[in-house]
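An overview of the molecular structure
If you want the building blocks of each chain, they are given just below.
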Number of protein chains: 2
Amino acid sequence: MLNLYDKLREIPLFQGLTSDNLMQIIGQTKFSFKKFGKNDIIKKEGEKCDNVAILLSGDVKTIAYADDHGYSIEEYIKAPYIIQLEHFMGLSPHYTRTFTSIGESNTVEIGQSDLMHISDEFIIFRINLLNIVSAIAQKAESKLWRPMPADTRSRIVFFLKSHCLYPTGAKVLRIKMTRLAQELGISRLNVSEALNAMQAKGLLHFSRGIISVPQIERLR
Amino acid sequence: MLNLYDKLREIPLFQGLTSDNLMQIIGQTKFSFKKFGKNDIIKKEGEKCDNVAILLSGDVKTIAYADDHGYSIEEYIKAPYIIQLEHFMGLSPHYTRTFTSIGESNTVEIGQSDLMHISDEFIIFRINLLNIVSAIAQKAESKLWRPMPADTRSRIVFFLKSHCLYPTGAKVLRIKMTRLAQELGISRLNVSEALNAMQAKGLLHFSRGIISVPQIERLR
């Protein structure tokens with residue numbers, strides 16, 4: 001319970017609620033706290049998403065896979081963070097990413113009925129919930145309509161950025177050169193040349209199917 | 001008001017509500033009815049989305065544009081249909097598509113405060129709302145992780161399908177051959193050969209930057 005009040009205040013889902021509202025929510029909601037150690041899996045791709053899990057403290061690695069698991073992109077997330085809120089309902093209530101604790105981290109989970117109860121009582125919470133899920137839908141849809149750039153380097157950057165949750169920070173793309181070439185419709189040789197040029201500039205590091213980008217915001 | 005009760009029953013947003021619930025909603029909600037004639041614009045790309053518009057009757061053409069308006073995809077929608085429910089809230093409450101009435105059609109709009117009021121009173125409505133928006137988010141996200149096929153023909157089909165609201169029906173893609181080649185990373189010549197082969201099989205028709213597909217479900 002330590003600092004739960006302060007933690008909740010930082011989370012978009014609870015923004016706009018008064019101190020009294022928050023105290024009332026804390027008093028009447030069953031919060032399940034979980035502690036994770038280094039490399040513990042917090043949520044796994046495919047696992048059922050039947051409650052809302054919020055990362056309260058710690059750093060987390062998130063990996064998303066292509067449908068055929070032919071490539072993956074790893075990113076890093078800091079608390080506070082709501083884990084895949086858009087997968088709590090809808091067609092298929094399952095996580096589509098794996099979240100792993102880097103060091104020590106803590107989560108709190110709110111069950112379906114408690115969540116419905118909070119959204120019953122507090123219109124602001126309900127609006128936040130809809131706003132966040134709508135924003136996720138809008139962001140994902142908008143990615144499909146971005147023009148594909150012409151040159152190889154920009155295509156690689158486009159591929160990376162369109163698959164990221166966040167536009168900044170470190171990313172690790174695990175992909176075979178031939179697969180990346182196929183995804184982008186460029187020759188394997190061109191991909192390799194462009195990656196080499198970016199590596200020479202210190203923008204990324206690549207070897208054996210692993211492309212590490214220390215700061216994706218430096219790629220344009 | 002004619003048949004509003006029956007119409008609402010067909011709409012996913014109102015599913016699961018009892019007859020009494022629906023009658024109560026009809027009684028206490030301000031519904032704004034609008035009538036459209038041939039080629040009238042119902043909602044325009046960029047227009048503010050400050051209420052929920054439901055197509056009650058008629059057939060509608062919807063067009064979505066690439067960010068730079070370098071291509072567009074036209075699809076057809078039948079009533080009943082909720083128009084871009086995921087754009088009512090979130091980051092940017094604006095329509096991202098244009099909806100045009102093909103013949104005569106009718107819509108009903110529900111304002112923000114009425115919508116909030118219905119979602120206050122009926123938990124089922126609130127769950128439907130969240131379910132629909134979550135499903136839209138999940139669908140859009142999942143499109144990003146589909147493997148890009150290797151051959152030219154499959155890449156063209158992939159491009160078409162990933163930009164469609166519906167996996168079936170007639171679609172019109174307006175795009176220059178060079179742009180389609182750039183989007184897919186294939187040569188203009190290969191694009192043209194693949195389109196010719198598909199046209200010869202009666203799967204589509206193309207001329208002057210317009211690719212018409214009578215039934216996209218026939219493209220595999």
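Residues numbered from 1 in each chain as written. Chains lettered and ligands numbered in written order. Predicted model: local features only at pLDDT ≥ 70, side-chain atom pairs only at ≥ 80, totals over all residues. Heavy atoms only, no water.

1. A look at the packing of helix α4 (residues 123–143) of chain A against helix α3 (residues 112–121) of chain B
Selection rule: Lines are fitted to the C-alpha atoms to define the axes, a helix being fitted only along its stretch in contact, and any angle between axes, read from their N-to-C directions, falls within 0 to 180 degrees. Per the convention used, a helix needs a DSSP run of H or I reaching at least four residues, while a strand needs a run of E reaching at least two, with both numbered from the N terminus. In what follows, roughly perpendicular refers to angles from 65 to 115 degrees, roughly parallel to angles under 35, roughly antiparallel to angles over 145, and oblique to any angle outside these ranges. Whether two residues are in contact is decided by their heavy atoms: any pair within 4.5 Å suffices. The classification used treats Ala, Val, Leu, Ile, Met, Phe, Trp, Tyr, Cys and Pro as nonpolar, Asp, Glu, Lys and Arg as charged, and all other residues, Gly among them, as polar.
Packing of α4(A) against α3(B) leaves a shortest axis separation of 11 Å and a crossing angle of 110°. Judged by the inter-axis angle, α4(A) sits roughly perpendicular to α3(B). Seen from α4(A), the contacting residues are A:I123, A:R126, A:I127 and A:L130; seen from α3(B), they are B:M116, B:S119 and B:D120. Across the contact of α4(A) with α3(B), the residue classes tally to 4 nonpolar, 1 polar and 2 charged.

2. Section: the sheet that holds strand β9 (residues 171–175) of chain A
All names here are of chain A. Note the following rule: In short, DSSP must find at least two bridges between two strands for them to pair.
The strand order across the open sheet formed by 7 strands is β2-β7-β4-β5-β9-β11-β10, and the pairing between neighbours is antiparallel. Edge positions in the open sheet fall to β2 (41–43) and β10 (205–207), since each of these has one partner strand only. Neighbour to neighbour, the strand axes of the sheet diverge by 20° on average, direction disregarded. The sheet strands contacting helix α6 (residues 177–184) are β5 (71–78), β9, β10 and β11 (210–213), and the helix crosses β9 at an angle near 95°. Lying over the sheet, helix α7 (residues 188–200) contacts β10 and β11, oriented at roughly 135° with respect to β10.

3. Concerning the interface of chain A and chain B
The cut-off we apply is this: What counts as buried area is the accessible surface, traced by a 1.4 Å probe, that two parts surrender upon association, with contributions from both included. Salt bridge, as used here, is a side-chain nitrogen of Lys or Arg placed within 4 Å of a carboxyl oxygen of Asp or Glu. Polar contact criterion, stated in full: a pair of N or O atoms within 3.5 Å, where within protein one must be able to donate a hydrogen and the other to accept it, and residues adjacent in sequence count only if both atoms are side-chain atoms.
On the chain B side, the residues contacting the 49 residues of chain A number 49 residues. With both sides pooled, the region where chain A packs onto chain B buries about 4300 Å², and carbon together with sulfur makes up 61% of that total. Linking chain A with chain B are 2 salt bridges. Close ionic contact of B:R126 with A:D120 constitutes a salt bridge, the shortest N to O distance being 1.8 Å. Counting every contact that joins chain A to chain B gives 26 residue pairs in polar contact (both at pLDDT 80 or more). The greatest single-element share of the side of chain A that touches chain B, amounting to 17 residues, is contributed by α4(A). Within the side of chain A that touches chain B, the residues separate by chemical class into 24 nonpolar, 12 polar and 13 charged.

4. Concerning the relation of the copies chain A and chain B
Rules: For this overlay, a least-squares fit was computed on C-alpha atoms, restricted to residues scoring pLDDT of at least 70 in both copies.
Placing chain A over chain B gives an RMSD of 0.0 Å and needs a rotation angle of 180°, together with 0.0 Å of translation along the axis. Accordingly, the operation relating the two chain copies is best matched by a two-fold axis. With an isologous cut-off of 70% or more, the 100% of interface residues of chain A that recur at the interface of chain B puts this contact in the isologous class.

5. Observations regarding the packing of helix α5 (residues 152–162) of chain A against α6(A)
Residue and element names in this part refer to chain A. Running from amino to carboxyl end, α5 crosses α6 at an angle of 95°, the nearest separation of the two axes being 10 Å. Looking at the two axes, α5 sits roughly perpendicular to α6. Where α5 approaches α6, its residues R155, I156 and F159 are matched on the opposing element by L180, E183 and L184. Looking at side-chain class alone, the contact of α5 with α6 contains 4 nonpolar, no polar and 2 charged residues.

6. Considerations on the pairing of strand β3 (residues 51–57) of chain B
All names here are of chain B. Applicable threshold: Burial classification: accessible surface area is computed with a 1.4 Å probe over protein chains only, and a residue below 20% of its type maximum counts as buried, one above 50% as exposed, and the rest as partly exposed.
Extensive coverage of β3 is indicated by the burial of 6 of its 7 residues. Of the strand pairs in this sheet, β3 and strand β6 (residues 81–82) are connected by 2 bridges, and their pairing is antiparallel. Counted as the bridge partner of L55 is Y81 from β6.

7. Brief notes about the domain arrangement of chain A
All names here are of chain A. As a reminder of what qualifies: Where each domain starts and ends comes from a domain assignment, either automatic or drawn from a database.
What the domain assignment lists for chain A is domain 1 (4–143) and domain 2 (152–218). Between the C-alpha centres of domain 1 and domain 2 the distance comes to 29 Å. Between domain 1 and domain 2, the residue contacts involve 14 residues of the former and 16 residues of the latter. Regarding the contact of domain 1 and domain 2, the summed buried area is about 1500 Å², with carbon and sulfur atoms giving 49% of it. Area buried by domain 1 at its contact with domain 2 is led by Y71, I73 and E75, which between them contribute 41% of it.

8. Overview of the nonpolar core
Burial of nonpolar side chains together is a common tendency in soluble globular proteins. The cut-off we apply is this: Put simply, buried Ala, Val, Leu, Ile, Met, Phe, Trp, Tyr and Cys residues joined by side-chain atoms within 4.5 Å make one nonpolar core.
If you look at the biggest cluster of nonpolar residues, it comprises 78 residues, and the most contacted ones within it are A:L13, A:F14, B:L13 and B:F14. Apart from residues no more than four positions distant in its own chain, B:L13 is found in contact with B:V52, B:I82, B:L85, B:F125, B:N128, B:L129 and B:I132.

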